[in-house]
Amino acid sequence: MITLLFPVLWFLGGPAGETPFDHVDPFLGTGGYGHTFPGAVMPFGMVQLSPDTATRVPKQSYPWCAGYRYEDPTILGFSHTHLSGTGHSDLGDILVAPMVGTLHTQPGPVDQPEKGYRSRFSHDREHAEPGYYAVDLLDDNIKAEMTVTTRAGMHRYHFPTSDQAHLLFDLVHAIYNFDGKVVWSSITVENNRRISGYRQTTGWAPDRRIYFVAEFSQPFDSYTVVQDDQPHYYFREPGRKQQFDAARRFAGRKLKTAFHFKTKADQPLLLKIAVSPNDIAGARKNLKAEMPHWRFDQVRRDAKTAWQNQLNRIQIDGDIAAKQKFYTSLYRTAIAPMTYSDVDGRYPGMDGAIQNAGDHVNYTVFSLWDTYRATHPLFTLTQPERVPDMIRSMLRHFQESPRKLLPIWSLHGNETYCMIGYHAVSVIGDAYLKGIRGFDVDTAYHAMRQTANHPDYDGLQHYRRLGYVPIDLEDEAASKTLEYAYDDFVIAKMAQALGRDRDAAIFSERAQNYRNIFDPGSGFMRARLENGRFREPFDPFRAAWHGDYTEGNAWQYSWYVPHDVQGLIDLMGGREAFIAKLDLLFEVQTDAEKYSEVDDISGLIGQYVHGNEPSHHIAYLYNYAGMPWRTQERIDQILAAMYSTGPEGLAGNEDCGQMSAWYLFSTMGFYPVAPGDGVYVIGKPANKHTELKLAGGKSFVITAAELNPDNPYIQSVHLNGKPLTTSYVRHQDIVSGGTLHFVMGPQPNHTWGSAPADLPPSMTAAPASW
């Protein structure tokens, strides 16, 4: 008979909490398209200790990018590295699988878990909160608990009384697995309570190494090493009760080691593991510095305190569902980028050498195509103390990179070159223009300029020569042209601020290159050939891998001119034509086969795709045409359709915080349409009271009078007690502290924010009148 180890209250969710921490649901987004993991992680931590429910070869791996899917009935074990919400997969390092009885070294089939080391589990015997995860493994009657520090994880296993309890270390297991994934691995049994090891893998990150040191709270009696699926049993010699004769090292591409214990039901077995990207010595230092004791509950409390400090930075007034969505979103934005340096500052550089960040933290997992849009702008409000180190990390990446490029999509000391653009320039420029310092500005500008002028990156040489990326010479040319033009706008703004007038003029001109791919005949942004002709045939609904657009179609990408929306309005024929087409975007339907080969297109309203990033700014574009009430309607529509509680609460990949950052900004009432321009475009508040706690003890309070479903429209706005007629608010107004007060009503106010003088800024001036 299986003993129920968790109180039923955990399944029911427990009493309504009074703090932001209590409202976080790590299971939100673990089903459907969210690709999130429920396990334990510290804010921006190196270790993400979480259950893995399946492993798949590359062509089948998309649903398991985070290693865990809520729909799965079994758990393989618990690995120490995971990505949050990505559309590609990797990691899943150092899987630990507890079991009782017969030792299994293969996972076994899902429908017959007793034939392997996987175990059935039930969600009503599972619990997760920031920094802590627990589950009952039903086949072996084991309660497993996990908690973490930044660079280490602690496991607590409640085994039944047994002479045959095992902990299997599987160094073959990986998320996004395939034959040859593991290049090499080793385990050293140092004594009967400590082991160490490493593995080198290839995959999304082409050359990645992770080192670890693990300690057990009680000695193991014996162990089994499995090399190339062949087991070898090692045991303690008679009379040697405290230690083995000497350390033994085992190595290979297919390496697993199981450690065998005698356990008692009232004496949990603890395991602590620290990791390092550098070497075993680094992992040992990390373990000594962060987890020198065996007090599991203390580690859990410390993790809770760290998360409370993060989550308390924004306070909202709302119902339980609103708080759960909001604080889970805030939690997700503080998982990536992740720490990628040891306690002594060392990290593996892009040049293959061990570097040292000194007193600063080195970060990795920059999902920049996603996160430059809202996550990094959010950090300038919620994480200003971390932003300089994030930028320093990007600059080190540039300096150490053989290609001398800022990061595109960096992963564990590797550049994956995933996605498009050179959006690190947006992150750096936006932070600098908002007044954030703490990094070498001259080095930063040099890196931005050199990256934008690189002679051999994604068609940039053609872009500089022709003013657009030609589709016959480079895939996804239309999207690349548009995103390069925005990045050039940010460089122009920073050049202007630095007094580099010639550069400002050059990059301002390049920022207008979006005009070169607009087709007035169709009204869409289109891919051009090198000879200047638009590519034929053309289907504005078609989305394809290596096509004209990146994870989207012409309907979605034709709005991507965030830095010059007035210029786009002019191209589309003026205000009325622009609004008519924008409305049509949210209404027009097509056969799903048009974009069936692109996994990331999800969360559709007409051709608007909220499940992928190119659409995220579009609802706010009505403001630029003087119709902010239409933005207010669309924000309500998107929030209702695309965000909910529960495992399937996200309409698309969470993407390292971007889906969550959109939600946070949009429920607070504004959004950074064009990071680098210093403003947030006003949508509408979703809560009656929001308080942003800012640096220096300041706060910015957002209130909404008469807000309810019957009053969805803004009637007036006051900033610090004075009428605000613009449909945007400046960053400096927020970080200076103060109040933003909305009055809501049942009908649109067609005068607020609609005058040309009150529109958000664009490179092209608004008309003097409509």
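Residues numbered from 1 in each chain as written. Predicted model: local features only at pLDDT ≥ 70, side-chain atom pairs only at ≥ 80, totals over all residues. Heavy atoms only, no water.

J.: How would you sum up the overall build of the protein chain? Please name residues and give values.
T.: From N to C terminus, the protein chain includes 18 helices and 39 strands. Taken over the C-alpha trace, the protein chain has a radius of gyration of 27 Å; the compact-globule value for 770 residues is 27 Å, and the two agree within 12%. Based on the C-alpha atoms only, the size of the protein chain along its principal axes is roughly 95 × 55 × 50 Å. Across the 770 residues of the protein chain, 64% fall into the buried class. By sequence separation, contacts in the protein chain at least 24 residues apart represent 70% of the contacts at least 6 residues apart. For the protein chain, the accessible surface area stands at approximately 26,300 Å², while carbon and sulfur atoms represent 49% of it. Taking the average location of the 72 positive side-chain charges in the protein chain and that of its 87 negative ones, the two points are 5 Å from each other. (Helix = DSSP H or I, 4+ residues; strand = E, 2+ residues; numbered from the N terminus. Rg over C-alpha atoms; globule rule 2.2 N^0.38 Å. Buried < 20%, exposed > 50% of the residue type's maximum accessible area, 1.4 Å probe, protein only. Contact = heavy atoms within 4.5 Å. Areas by Shrake-Rupley, 256 points an atom, 1.4 Å probe, with all protein chains shown as cover. Lys, Arg positive; Asp, Glu negative; His and termini not counted. Charge placed at Lys NZ, Arg CZ, Asp CG, Glu CD.)

J.: Explain the confidence of the model for the protein chain to me, and be specific about the residues and the numbers.
T.: Across the protein chain, the average pLDDT comes to 95, with 96% of residues at 70 or higher. Note that residues 1-16 has pLDDT below 50 and, in this model, 25 contacts with residues that lie over four places away or in other chains. Ignoring residues within four places in sequence, the model shows residues 237-243, a span with pLDDT below 50, making six contacts including any to other chains. (pLDDT = per-residue confidence, 0-100.)

J.: Any chance you could break down the sheet that holds strand β38 (residues 728-730) for me, citing the residues and the numbers?
T.: In space, the three strands of this open sheet follow the order β32-β33-β38, with antiparallel pairing throughout. Looking along the sheet, the strands with just one partner apiece sit at the ends: β32 (670-671) and β38. Bridge count between β32 and strand β33 (residues 679-682): two bridges; the pairing is antiparallel. Within β33, the position partnered with Phe670 by the bridge is Ile682. (Pairing = 2+ DSSP bridges.)

J.: Please provide a residue-by-residue account of unusual backbone geometry, values included.
T.: Between Ala336 and the following residue, Pro337, the backbone shows a cis peptide bond with an omega angle of 0°. Inspection of the secondary structure puts Pro337 in the loop between α4 (320-332) and β21 (338-339). Each neighbour pair has its own omega, and for Glu536 with Pro537 the value is -5°, a cis peptide bond. Residue placement: Pro537 occurs in the loop between β29 (524-525) and α13 (554-557).

J.: Give a detailed account of the pattern of salt bridges, specifying residues and quantitative values.
T.: Throughout the structure, instances matching the rule amount to 42 salt bridges. For Arg69, the salt bridge identified is with Glu71, shortest N-O distance 3.1 Å. Using a relative accessible area of 12% as the deciding quantity, one classes Arg69 as buried. Classification of Glu71 as partly exposed rests on a relative accessible area of 42%. Across the pair Arg156 and Glu145 runs a salt bridge whose closest N-O atoms are separated by 2.8 Å. Of this pair, Arg156 sits in strand β10 (residues 152-158) while Glu145 sits in strand β9 (residues 142-148), and the two are eleven residues apart along the sequence. Given a relative accessible area of 2%, Glu145 falls into the buried group. Several salt bridges converge on common partners, so that one network encompasses Asp90, Asp93, Lys181, Arg199 and Arg208. (Salt bridge = Lys/Arg side-chain N within 4 Å of Asp/Glu carboxyl O.)

J.: I'd love a proper account of the environment of Glu530, names of residues and values included.
T.: By the secondary structure assignment, Glu530 is in the loop between β29 and α13. Judged by its relative accessible area of 34%, Glu530 falls in the partly exposed class. Measuring from C-alpha to C-alpha, the distance between Glu530 and Leu473 comes to 7.5 Å, with 57 residues separating the pair along the chain. In contact with Glu530, not counting residues within four places along its chain, are Arg465, Leu466, Tyr468, Pro470, Asp472 and Leu473.

J.: Before we move on, can you summarise the packing of helix α6 (residues 375-382) against helix α17 (residues 658-668) with the specific residues and values?
T.: Interhelical geometry of α6 versus α17 gives an angle of 60° and a closest axis separation of 9 Å. Taken as axis vectors, α6 and α17 run oblique relative to one another. Taken as a pair, α6 and α17 cross one another with a handedness that is left-handed. Only Gln658, Ala661, Leu664, Phe665 and Met668 of α17 make contact with α6, whose side of the interface consists of Thr375, Pro377, Leu378 and Leu381. In terms of residue class, the contact of α6 with α17 is built from seven nonpolar, two polar and no charged. (Axes fitted to C-alpha atoms, helices over the stretch in contact; angles between N-to-C directions. Parallel < 35°, antiparallel > 145°, perpendicular 65-115°, else oblique. Left-handed = near helix turned anticlockwise from the far one by under 90°. Nonpolar A, V, L, I, M, F, W, Y, C, P; charged D, E, K, R; others polar.)

J.: Which residues make up the nonpolar core, and what are the values?
T.: Counting 203 residues, the largest nonpolar core has Phe78, Phe169, Phe212, Leu406 and Phe578 as its most contacted members. Looking at which element gives the most residues to this core, the answer is helix α11 (residues 477-497), with twelve residues. One finds Ala134, Met154, Leu270 and Phe296 within the second-largest nonpolar core, a separate group that totals twelve residues. (Core = buried A, V, L, I, M, F, W, Y, C linked by side-chain atoms within 4.5 Å.)

J.: Please give an account of the environment of Ile605 that cites residues and values.
T.: Here Ile605 shows up in strand β30 (residues 604-605). Given a relative accessible area of 10%, Ile605 falls into the buried group. Residues Ile605 and Leu585, 20 residues apart in the sequence, show an inter-C-alpha distance of 8.2 Å. Leave out the neighbours within four places in its chain, and Ile605 touches Leu585, Phe586, Gln637, Ile638, Ala641 and Met642.

J.: I'd like a rundown of the side chain of Ser762, residues and numbers included.
T.: Relative to the elements of secondary structure, Ser762 occurs in the segment after β39 (738-745). A polar contact of 3.3 Å, which involves the side chain of Ser762, links it to the backbone nitrogen of Val565. (Polar contact = N/O pair within 3.5 Å; in protein donor to acceptor, adjacent residues only side chain to side chain.)

J.: How would you summarise the state of the cysteines if you had to cite specific residues and measurements?
T.: Enumeration over the complete set of coordinates arrives at zero disulfides. In this model Cys65 remains outside any disulfide bridge; the closest cysteine sulfur is found in Cys418, 10 Å from its own. On the basis of relative accessible area, Cys65 is assigned to the buried category, the value being 1%. A disulfide-free cysteine, Cys418 has its sulfur positioned 10 Å from the sulfur of Cys656, the nearest such atom. Assessed through its relative accessible area of 17%, Cys418 is described here as buried. (Disulfide = S-S within 2.5 Å.)

J.: An account of the sheet that holds strand β35 (residues 699-705) is requested, with residue identities and associated values reported.
T.: The strand order across the open sheet formed by six strands is β20-β34-β35-β39-β36-β37, and the pairing between neighbours is mixed. A single partner strand is all that each edge strand has here, and the edge strands are β20 (314-317) and β37 (722-723). With six bridges joining them, strand β36 (residues 713-719) and β39 adopt antiparallel strand pairing. Residue pairing for β39: Ser716 is matched across the bridge by Val743.

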